[in-house]
Amino acid sequence: MNYFRTALLLAGLTALFMGVGFLIGGKGGALIALVVAAGMNLFTYWNSDRMVLSMYGAHEVDRNSAPDLYNLVAELAARAQLPMPRVFLMDEAQPNAFATGRNPDNAAVAVTVGLMQQLSREELAGVIAHELAHVKNHDTLLMTITATIAGAIGMIAQFGMFFGGHRDNNNGPGLIGSIAMMILAPIAAMLVQMAISRTREYAADNLGARICGNPMWLASALGRIENAAHQVPNYEAERNPATAHMFIINPLTGQGMDNLFATHPSTANRVAALQQLAAEMGGQGSLPTGGRNYPSRGPWGGGVRRGPWG
């Protein structure tokens, strides 16, 4: 089902990309758009992690430079039975995180400095477990390819406004058609993103809660990040709103056109689902996922520590 869903999403975005190309340049434009989309998909497959990490100025850390963070990722990856991903820090005040990479063997987890400073160790464990769930579910490649093509659709639509507006209606979309394309094409791309984002985030919340052993750690982290995201801007995300769906919480502040890219499900609904899962796990212990059992206790035993690294 994952492979079918991925193929369907990419086919839809590619068709939209070709449609915009057709409006700008007819059959030749559609063919060029198809070739460009194929090249983008191939490039993104091999360079997805480097591309998005570079965009956000993330720098890699190891056990020597960030021992607490690195060891936490290593322990949770072992619990999820995943290869150790590369670990990155972003110099962003807004608490947030994302995962990227074409497969679990080439995955990376990136967190912001704000996340390290504002969350407790248990909350941070919930966030990292959520990102590892994306890796385990093979969401990371899909997320990056979606961001790449959606961003390209927005750019080509704006190009169509400039280029098509000077053409007559017989040879191009014309001024009115170009304006409509500039507005509707990015919205259509956003709707395709939303179609998969909601189920993907709920699934990662569920599996991430099982990996860390306590759904309420993740629920608490989501609430903290949600509150901060509306107050602390992430300027790089504001410049690249098509990447917003990659983060655990929408990093956009909701100003201007940001709401067009609100690809995440309601945080309140996510917390409610985690509370329900916590009740189920409290009564039955940790439930099996994919034939594997995750312990009901967290990686540091049963005690809840205070402070980021208490």
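Fair warning: this is a prediction, and the values are worked out from it, not measured in the lab.

## Describing the pairing of strand β3 (residues 97–100)
Step number 1: Both faces of β3 are covered, namely the face carrying Ala97 and Ala99 and the face carrying Phe98 and Thr100.
Step number 2: Two elements, β3 and strand β4 (residues 108–112), share 4 bridges in a ladder whose sense is antiparallel. By the bridge assignment for β4, Ala97 is matched with Val111.

## Remarks on the environment of Leu274
Step number 1: With respect to the helices, strands and loops of the structure, Leu274 is situated in helix α9 (residues 267–284).
Step number 2: The class for Leu274 is buried, based on a relative accessible area of 1%.
Step number 3: Remark: the alpha-carbon pair of Leu274 and Asp205, spanning 69 residues in sequence, is separated by 7.4 Å.
Step number 4: Once residues within four sequence positions are removed from consideration, Leu274 is found in contact with Asp205, Ala209, Pro215, Met216, Leu218, Ala219 and Leu222.

## Considerations on the sheet that holds strand β2 (residues 86–90)
Step number 1: Spatially, β1-β2-β4-β3 is the arrangement adopted by the 4 strands of the open sheet, whose pairing is mixed. Each edge of the sheet is formed by a strand with only one pairing partner; in this case those strands are β1 (59–61) and β3. Averaged over all pairs of adjacent strands, the angle between strand axes in this sheet comes to 30 degrees, irrespective of strand direction.
Step number 2: Against the sheet, helix α2 (residues 67–79) touches β1, β2 and β4, its axis set at about 135 degrees to β2.
Step number 3: Helix α4 (residues 121–136) rests against β3 and β4 of the sheet, and its axis sits at about 25 degrees to β3.

## Comments concerning the confidence of the model for the chain
Step number 1: Predicted confidence across the chain gives a mean pLDDT of 77, with 66% of residues reaching 70 or more.
Step number 2: Throughout residues 165–169 the model reports pLDDT below 50, and contacts reaching past four residues in sequence, or to other chains, amount to 9 contacts.

## Regarding the pattern of salt bridges
Step number 1: Summed over the entire model, instances satisfying the criterion amount to 6 salt bridges.
Step number 2: The closest approach of N and O atoms between Glu60 and Arg86, which form a salt bridge, is 3.0 Å. In this pair, Glu60 is assigned in strand β1 and Arg86 in strand β2, connecting sequence segments 26 residues apart.
Step number 3: Of the residues examined, Glu60 reaches a relative accessible area of 42% and is grouped as partly exposed.
Step number 4: A salt bridge links Glu201 to Arg200; the shortest N-O distance between them is 2.7 Å. Comparing Glu201 with Arg200, the two get one shared label, buried.

## Quick notes on the packing of aromatic side chains
Step number 1: According to the stated counting rule, one finds 3 aromatic pairs in the structure shown.
Step number 2: For the ring pair Tyr56 and Phe247, a centre distance of 5.2 Å and an interplane angle of 75 degrees mean the geometry is edge-to-face. Within this pair, whereas Tyr56 is found in the loop between α1 (2–55) and β1, its partner Phe247 is found in the loop between α8 (235–239) and α9, the two being separated by 191 residues in sequence. Take Tyr56 and Phe247: they sit in the same class, and that class is buried.
Step number 3: Their ring planes at 75 degrees and their centres at 5.1 Å tell us that Phe98 and Phe247 sit as a pair that is edge-to-face. Taken as a pair, Phe98 in strand β3 and Phe247 in the loop between α8 and α9 lie far apart in primary sequence, 149 residues in all.
Step number 4: Under the relative-accessibility criterion, Phe98 is labelled buried at 1%.

## Comments concerning the packing of α2 against α4
Step number 1: Where α2 meets α4, the axes come as close as 10 Å, and the angle between the chain directions of the two elements is 55 degrees. Considering their axes alone, α2 and α4 lie oblique with respect to each other. Seen along the crossing, α2 lies across α4 with a hand that is right-handed. Contact with α2, carried on its side by Leu69, Leu72, Val73, Leu76 and Ala77, involves Arg121, Leu124, Ala125, Ile128, Ala129 and Leu132 of α4 and no other residues of that element.
Step number 2: Classifying every residue of the contact of α2 with α4 by side-chain character gives 10 nonpolar, no polar and 1 charged.

The rules behind these values
- Residue positions within a chain follow its written sequence, with the count starting from 1.
- The model is predicted, so local features are restricted to residues of pLDDT at least 70 and side-chain atom pairs to those at 80 or more, both for listing and for counting; the totals for chains, interfaces and linings are taken over all residues.
- Hydrogen atoms and water are omitted, and side-chain values are computed over all heavy atoms in the structure.
- Only protein chains enter the accessibility calculation, which uses a 1.4 Å probe; a residue is then buried when its area is under 20% of its type maximum, exposed when over 50%, and partly exposed in between.
- Here a helix means four or more residues in a row that DSSP labels H or I, a strand means two or more in a row labelled E, and each is numbered from the N terminus.
- Only strands joined by at least two bridges in the DSSP assignment are considered to pair.
- For this analysis, residues touch if any pair of their heavy atoms sits within 4.5 Å.
- The axes are straight lines fitted to the C-alpha atoms, using for helices just the contacting stretch, and the angles between their N-to-C directions are given from 0 to 180°.
- As a per-residue measure, pLDDT tells how confident the predictor is, with possible values from 0 to 100.
- Each salt bridge in this description consists of a side-chain nitrogen of Lys or Arg and a carboxyl oxygen of Asp or Glu lying within 4 Å of one another.
- Any pair of Phe, Tyr and Trp rings, taking the six-membered ring for Trp, is counted once the centres come within 6.5 Å. Such a pair is stacked with planes under 30 degrees apart, edge-to-face with planes over 60 apart, and tilted for the rest.
- Comment on the angle field: the value is read as roughly parallel under 35 degrees, roughly antiparallel over 145, roughly perpendicular from 65 to 115, and oblique elsewhere.
- Each crossing is labelled by how the near helix is turned from the far one, with a counterclockwise turn of less than a right angle marking it left-handed and a clockwise turn marking it right-handed.
- Gly falls in the polar group here, along with every residue not listed as nonpolar (Ala, Val, Leu, Ile, Met, Phe, Trp, Tyr, Cys, Pro) or charged (Asp, Glu, Lys, Arg).

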